[in-house]
Structure formats: C-alpha cells, structure tokens
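Here's the letter readout for the chains.
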Amino acid sequence: MWFFAQKKRWAFVAGLLFEVLTIFSNGNGTIAALFLVVYLLLTRQRREAIVSGVVLVACAAAYFLTLHEAPPSGDGPTNLMRMSEYLIYLSGAHFGFDYLYHHSLEWGLVSIAFFAFVLLFRPRALFKEGNETLICVCLFLLGSMASIAVFRSGVADIKNLSHSGRYLMYPHMLMGLMFVFLLIKLETAPRKVVMSVSVLFVIAMAASYQYNADCGERGFIVANKRLRFSDYFYGWSDSVKQQHAAAVEKESCIKGIYCISSER
C-alpha cells in the first residue's frame, strides 16, 4: 500500500510484487490484496486498480487450486450461530483472557458496540482525502476477523481459540485504529473533549496491555510445558485423539506440507 501511494511506475511494480507475496503468505493475504485494489480505486488510480485486480484473481486462483485440503480436525460442523458467537468472542479478545475469559460474550458485545459507535459517529468525517489507508486497513482487519469466524468456528472450544495468540493481532490493531478514527471525527470538537477522551483511552489501553502481557507470559510457560511433555497438543490423555493427531501428521508429511517430527 505504501508503494501504491507513491504513484510512480517503479513503486507500482514493487507494490505488485509485494501483493503477490501477500497473497501467497497466508489465507487472509487474499483479503489484504482485495483491499489493495480498493485502495487504488479510492485514490483514483483506476488503471493500476485493474492491473492489481488481475494479479489478485490470477494469484488467488493459483493459491487455492494448488491448496491441499487439511484432514478433518475431528471437531463438529459450524453454523451461522457459532460463527457469530466466535466473532463476538474475537472482538472482545483484546481485553485479556483469565478473568475476562469467563465474560468473553459481554466484552465482545461491548467492543462491537464501541466499533459501531465510532464508525457511525459522523461517518462523513472519515471519508476525506488522506484517510484511504486507514479505511482499507480497517476493512482488512474486519474481513480477516470475519473469515476467521467462518473457518475456525467449528472447533469444540470457541472461547479458547478466539483468544489464540495468532488471532489476537486483529482485535488489538482494530481497537487502536478505532481510537485514531475517533480522533479524526473529533477534529472540530473542543480541545478539552479531545484531551478527556484521549486520557481515558490511554489509561484503558495501558491497563489492558499490562493484563495481556501478564497473560502472555503465563501462556509462554504453558506452551513450554506442552512442547516438552506432549508430542501432540490434541487431547492430553486421550489416546484416540493422540492417534488421530499422529495420522494427520503422517498425511501432512507425505503430502509435503509439513513434518512436525523432523522439527522436534
């Protein structure tokens, strides 16, 4: 996106290269590339948007046509209710795990209400020239969280996976971005109002950061124990699940996807 923002031919070519890398780096790389095209449209680079769109379609097709389907995880099927529940938990995951883990639904609903308030409060104020990057990053975060809810809500323990470290980056970034949006929309407000909102938000973020840091440190200790004392973290004492995990590892290794045993 930074390269595309330079509006120079060499930078656009470099941007296309990073777009390709983005698509092939992860599943939601396709979502990121989609909003790169949207960014080009918002910044009135229509020809570049067409080229970027062609790259997106071609690379996404190559990515998904050559993708190996993972063996069944053993968890149940998902549905719209579970997807919605997972998205709510993920939305509130910024505010910690231990105590708040038991109140994930409430914190998720509060977070979604805050997101909705910020986005709907003076909506036109956000759509000014220069804010295209923020808008597209926000759409990327929301799209990634929605895709996670669709493809990961079939797990048995929705709460646990919604607080997984590899997914926490999305609600963390989105919460910070909402504060930036709020400042943009308070541009014409009295200075006292802006300062009051800023102080309250900074205190809340500092407290949540400390809470997350403590939870993360304990999480590293737990992960260390898992790595040392269990070949597969898939049912600590369930022999059937352990056998299933071993079968998944064997199939993954045969297909050339990943061999866990060679990395231990």
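Residues numbered from 1 in each chain as written. Predicted model: local features only at pLDDT ≥ 70, side-chain atom pairs only at ≥ 80, totals over all residues. Heavy atoms only, no water.

Engineer: Please give an account of the overall build of the protein that cites residues and values.
Structural biologist: A count of helices and strands for the protein gives 12 helices and zero strands. Counting all 264 residues of the protein, 36% fall into the buried class. A separation of at least 24 residues holds for 70% of the contacts in the protein among residues at least 6 apart in sequence. A gap of 9 Å separates the mean positions of the 24 positive and 18 negative side-chain charges of the protein. (Helix = DSSP H or I, 4+ residues; strand = E, 2+ residues; numbered from the N terminus. Buried < 20%, exposed > 50% of the residue type's maximum accessible area, 1.4 Å probe, protein only. Contact = heavy atoms within 4.5 Å. Lys, Arg positive; Asp, Glu negative; His and termini not counted. Charge placed at Lys NZ, Arg CZ, Asp CG, Glu CD.)

Engineer: Can you break down the pattern of salt bridges residue by residue, with the values?
Structural biologist: Across all of its chains, the model carries two salt bridges by this definition. Across the pair lysine 128 and glutamate 187 runs a salt bridge, and its minimum N-O distance is 3.6 Å. With a gap of 59 residues between them, lysine 128 in the loop between helix H7 (104-120) and helix H8 (132-152) and glutamate 187 in the loop between helix H10 (165-185) and helix H11 (191-229) connect regions that are remote in the sequence. Given the relative accessible area of 45%, lysine 128 is considered partly exposed. We classify glutamate 187 as exposed; its relative accessible area is 58%. The shortest N-O distance in the salt bridge between glutamate 251 and lysine 255 comes to 3.2 Å. (Salt bridge = Lys/Arg side-chain N within 4 Å of Asp/Glu carboxyl O.)

Engineer: Tell me about H8, and name the residues and values.
Structural biologist: The terminal C-alpha atoms of H8 lie 30 Å apart, and with 21 residues this matches the ideal 30 Å at 1.5 Å per residue to within 8%. Taken as a whole, H8 has its buried residues at Glu132, Ile135, Cys136, Cys138, Leu141, Ser144, Met145, Ser147, Ile148 and Ala149. (Expected span 1.5 Å × (residues − 1).)

Engineer: Just give me the short version of the state of the cysteines, but keep the residues and values in it.
Structural biologist: Tallied over the entire structure, the rule returns one disulfide. A sulfur-sulfur separation of 1.8 Å characterises the disulfide bridge that pairs cysteine 253 with cysteine 259. Handedness here is read from the sign of the S-S torsion; for cysteine 253 and cysteine 259, about 95°, the answer is right-handed. In this structure cysteine 138 is a free cysteine whose sulfur lies 9.7 Å from that of cysteine 136, the closest cysteine sulfur available. (Disulfide = S-S within 2.5 Å.)

Engineer: Describe unusual backbone geometry, and please don't skip the residues or the numbers.
Structural biologist: Not every positive phi belongs to a glycine, and arginine 44 is a case in point at roughly 60°. Summarising the element assignment, arginine 44 is placed in the loop between helix H3 (29-42) and helix H4 (46-65). Positioned with a positive phi, arginine 122 is a non-glycine residue whose angle comes to about 45°. Residue placement: arginine 122 occurs in the loop between H7 and H8.

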